[in-house]
Amino acid sequence: MITGTTGRVGPFARWHGYRDRVGTYAAVVLAGGAARRMGGVDKPALWVGGRPMRDRVLAAVTDATPRVLVGAADSVPAGVRVVREDPPGGGPVAAAAAGLALLETDIVLVALLAADLPLLTRAAIGDLLAHLAEESPRHAASARPDAAPAIGSGLVESGRRPDGACFVDGDGRRQSLCGVWRVAALRAALDRLTVERGGSLSGAPVRALLAGLVVREVPWSGEGPPPWFDCDTDEDVRRAEEWAR
């Protein structure tokens, strides 16, 4: 087995003490993509900074219980549970459903993460958890796939608490698979989408899953490269390798 190690903890005020507010959280890492732009390789198994990308993501959530990897894997860090989506290759929503099915009913929060985020750190996850723990919904936005922050929208004014928190890039695009979500909200969304799609989640887009949820959008304010940097091409992997040195 490959033993995961912790990521760099940055000097964020939010990072310290977030567990006192949110308690235990789970992590579901989605590793079932086809990587068509990279010739169909097992992309999460590609090495960056001395270990597979998926192991770097799992290392960023070593304090999560449980940690679930959805996808094929020959070896994973100790304690990580592995499951396949139904059908295999059915896409991120089907994979999220498979991962959430392994969580106990008393788990409130889950980090839902792509497996090709080699620059993700525990500090970044802590920042998301701390934002979600805040009781004020002033930074929440209704869940449109490309929404700008909806300050003043009906959802925000109603005082409805956020269903999740995810990073947004400099152009305001949500990085939905680099986020932390309330398990109950995701399960309700999965049930709704299953009905809407006639019982199958295969091929469903993430934006359809998150439609209607209240999302706290978190800009990255830490040091170094953005934690949501994903590797969709060989050039992306090379850039991540340079950053990880």
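First, a word on scope: everything that follows refers to the structure included in this document. Only a predicted model underlies this, so the values are computations on that prediction, with no experimental measurement involved.

### A few points about the overall build of the chain
1) Next: Secondary structure summary: the chain contains 8 helices and 10 strands in total.
2) Next: Expressed as a percentage of the 245 residues in the chain, the buried residues total 52%.
3) Next: In the chain, the share of contacts with a sequence separation of at least 24, taken over all contacts with a separation of at least 6, comes to 71%.
4) Next: Element-wise, carbon and sulfur atoms account for 51% of the exposed surface of the chain, whose accessible area totals about 10900 Å².

### Considerations on the environment of Arg192
1) Next: When you line up the elements, Arg192 lands in helix H6 (residues 183-196).
2) Next: Residue classification places Arg192 among the partly exposed positions, given a relative accessible area of 27%.
3) Next: Linking Arg192 and Ala208, residues 16 residues apart in sequence, is a C-alpha distance of 9.9 Å.
4) Next: Not counting chain neighbours up to four residues away, the residues in contact with Arg192 comprise Ala208, Leu209 and Ala211.

### Remarks on the pattern of salt bridges
1) Next: According to the stated counting rule, one finds 10 salt bridges in the structure shown.
2) Next: Its salt-bridge partner being Asp116, residue Lys43 comes within 2.9 Å of it at the nearest N-O pair. Here Lys43, found in the loop between strand S1 (25-30) and strand S2 (47-48), pairs with Asp116, found in the loop between strand S6 (109-114) and helix H4 (122-133); they are 73 residues apart in sequence, far enough to count as distant.
3) Next: Relative accessible area serves as the criterion here: at 13%, Lys43 is assigned to the buried category.
4) Next: Looking at Asp116, the relative accessible area reads 8%, which means it is buried.
5) Next: Between Arg122 and Asp63 there is a salt bridge, with the nearest N and O atoms lying 3.5 Å from each other. In this pair, Arg122 sits in helix H4 while Asp63 sits in the loop between helix H2 (53-59) and strand S4 (67-70), placing the two residues 59 residues apart along the sequence. Residue Arg122 shares its accessibility class with Asp63, and that shared class is buried.
6) Next: Among the charged side chains, a network of salt bridges with common partners joins Lys43, Asp116 and Asp232.

Rules and cut-offs
- Residues numbered from 1 in each chain as written.
- Predicted model: local features only at pLDDT ≥ 70, side-chain atom pairs only at ≥ 80, totals over all residues.
- Heavy atoms only, no water.
- Helix = DSSP H or I, 4+ residues; strand = E, 2+ residues; numbered from the N terminus.
- Buried < 20%, exposed > 50% of the residue type's maximum accessible area, 1.4 Å probe, protein only.
- Contact = heavy atoms within 4.5 Å.
- Areas by Shrake-Rupley, 256 points an atom, 1.4 Å probe, with all protein chains shown as cover.
- Salt bridge = Lys/Arg side-chain N within 4 Å of Asp/Glu carboxyl O.

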